[in-house]
Amino acid sequence: MGWFMEEPLKASIQHGSSFRPVVSFALVEEELSLKTAICAALAVGVSKLAYYSDWQELPLLLNVGGHTFDVEDIVYDIRSMKTKISFLAMNCDRISELPDSLLTQILSYLPTKDSVKTSLLSKRWEFLWLRVPVLDLKVSDFPDENYASFIDNFLEFNRNSRMRKFKLKYDEYTYDDDRLAGWVVTTVDRGIQHLDANGFETDMCIREFMPQNIYKSNTLVSLVLVTVGIENPEFVVSLPSLKKMHLEDVWYWDDPLVIEKVISGCPVLEDLVLIRAIDFCNLDDLRFLRVRSQTLKSFRLTFEYSMAGTYFSVEIDAPRLEYLNFNDNQSDMIVVKNLNSLSMIDIDTEFNVKFGGSPLEPEDLRKRDIIREFLTGISCVRHMIISQRTLEVLDRYSKLGPIPRFDNLYRLQAAFSRSMLQLLLVFLESCPNLENLILDFAVSTEPEQDGLTYVPQCLLSSLECVEIRELILGEGTGKKLVSYFLENSVVLQKLILRFKDSSKASEDSDIFKELRSFTKRSRSCEVIIH
């Protein structure tokens, strides 16, 4: 078994009855060498990387334009095979023949802890790690507080060179006395491209706030801040190169519009993640979240406070947004505008109707209008994933107003219970061109609705594939759903049924025979049971 790599490095070595182009530098099995070989492949522009043995070949990644999957993920995938991994030896050490500039690029793909380990390989590698323009550390990798002197010495050694990436992750409830902010100042001033600061919070509600020079960087491409604080910038934000921003468990201090100010200074921002955790210290001033961007393509919002009240609101205005992951149970007012490019949405929200927000009742139509305008604002979407708790709110909403049409929707994944069969048909009626439907079926304690009484347009003209998950053998509502789709879907090509307890019955059991005996309106429909 071994590795083969396509251009630009090639060599032929016989393995069994076949010839493979391979790249390696030793007969080793340690994880460090595994990572280093993968990183070498990435650094030299390898187009294909595969694990193989005499009986199989498994491609692991495609490296297109220098972008690939995380090295740690690849190593995990290989380890999960539970197969001995070895590297084929060459006649010479091909990797060590590479110039220092390329070797340091290879090491830049590794965490600094692993990069340092390569100093043991040979004299050639002894000090290479010190010239890597990346510092990627976890405080837990160091005994006591030795990490601070290590970082200081590394930055001092590279004081005349530009840092490409600085990544530091603290342990929970570590106290660092403002050293993180100082390192951020230093690396940003040196033209950092990728900044990833995962800070700390003490049990006394103390955490570090980021320096304001992060708002004035011509080189930052990605910014990840976790468990830190940011203050209102005292000047116009200018981040002309920033494409990715990830803010998680961040305190927003002094100004409720701080996020809007930051985004306004990011003219090429494409990917935004905002994850808001529970603020036990009550120091988060961000009551109104406004996301306005002409370039944003992907936005993920997670806001899971579950606190009573109507304090929070969110507005999204992004005409080029293609992907939206919306998990917000706290905002009472939700406004979406100009989402004309939206292709996929993942919705998991209760619209704050259960925790002290505006009620969804006939005598108070404010929440009804908010939900209607939200659904109308996302109605151009092509692929939707929607949670059960969102559908439970929409079930109540459907009794107060109509669900807008989703004419472009071709793929829907929804979590339904037997108490929402009427809503299932109402929702499908709003999707006249639906082609693929995935139902995560849940057996609730509430009584079954007798809702399968008519046939939505998509079943008559466009629905080609239905997958029903989490079915239970012998459960009545699930069987009704199967029979309903088979009897009423005109162009259905495939019905996939996934049972929780399918191992308890063979395919020759009476239950499986009954499912396969249901009348099929589409003669070409294939029933697949898992």
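Per an unreviewed UniProt entry, the chain goes by F-box family protein and derives from Arabidopsis halleri subsp. halleri.

K.L.:
Go over the side chain of asparagine 213 with me, naming the residues and quoting the values.
P.N.:
Along the chain, asparagine 213 turns up in the loop between strand 8 (194–198) and strand 9 (222–226). Note on asparagine 213: relative accessible area 17%, which makes it buried. Engagement of the side chain of asparagine 213 in a polar contact is seen with the side chain of aspartate 189, the distance being 3.2 Å. Here asparagine 213 is in contact with Val184, Val185, Val188 and Asp189, once residues within four sequence places are set aside.

K.L.:
Mind laying out helix 5 (residues 146–157), listing which residues take part and the relevant values?
P.N.:
The first and last C-alpha atoms of helix 5 sit 17 Å apart over 12 residues, in line with the 16 Å expected at 1.5 Å per residue. Buried residues belonging to helix 5 abut helix 4 (112–117), strand 6 (134–138), strand 7 (165–169) and helix 6 (179–189).

K.L.:
So what's going on with the packing of helix 8 (residues 366–377) against helix 9 (residues 388–397)? Which residues, and what values?
P.N.:
It is at 11 Å that the axes of helix 8 and helix 9 come closest, and there the two elements cross at 115°. Seen from above, helix 8 lies across helix 9 with left-handed handedness. Every residue of helix 9 that contacts helix 8 at Arg368, Ile371, Arg372 and Leu375 is listed here: Val393, Leu394 and Tyr397.

K.L.:
Tell me what's going on with unusual backbone geometry, and back it up with residues and numbers.
P.N.:
Negative phi characterises most residues that are not glycine, and trans characterises most peptide bonds. In this model, threonine 227 sits at a positive phi of 55°, which is unusual for a non-glycine residue. Phi angles above zero are rare outside glycine, and phenylalanine 351 is one such case at about 55°. Along the chain, phenylalanine 351 turns up in the loop between strand 19 (344–347) and helix 8. Take phenylalanine 351: its relative accessible area is 1%, and that puts it in the buried class.

What counts, and where the lines are drawn
Residues numbered from 1 in each chain as written. Predicted model: local features only at pLDDT ≥ 70, side-chain atom pairs only at ≥ 80, totals over all residues. Heavy atoms only, no water. Helix = DSSP H or I, 4+ residues; strand = E, 2+ residues; numbered from the N terminus. Buried < 20%, exposed > 50% of the residue type's maximum accessible area, 1.4 Å probe, protein only. Polar contact = N/O pair within 3.5 Å; in protein donor to acceptor, adjacent residues only side chain to side chain. Contact = heavy atoms within 4.5 Å. Expected span 1.5 Å × (residues − 1). Axes fitted to C-alpha atoms, helices over the stretch in contact; angles between N-to-C directions. Left-handed = near helix turned anticlockwise from the far one by under 90°.

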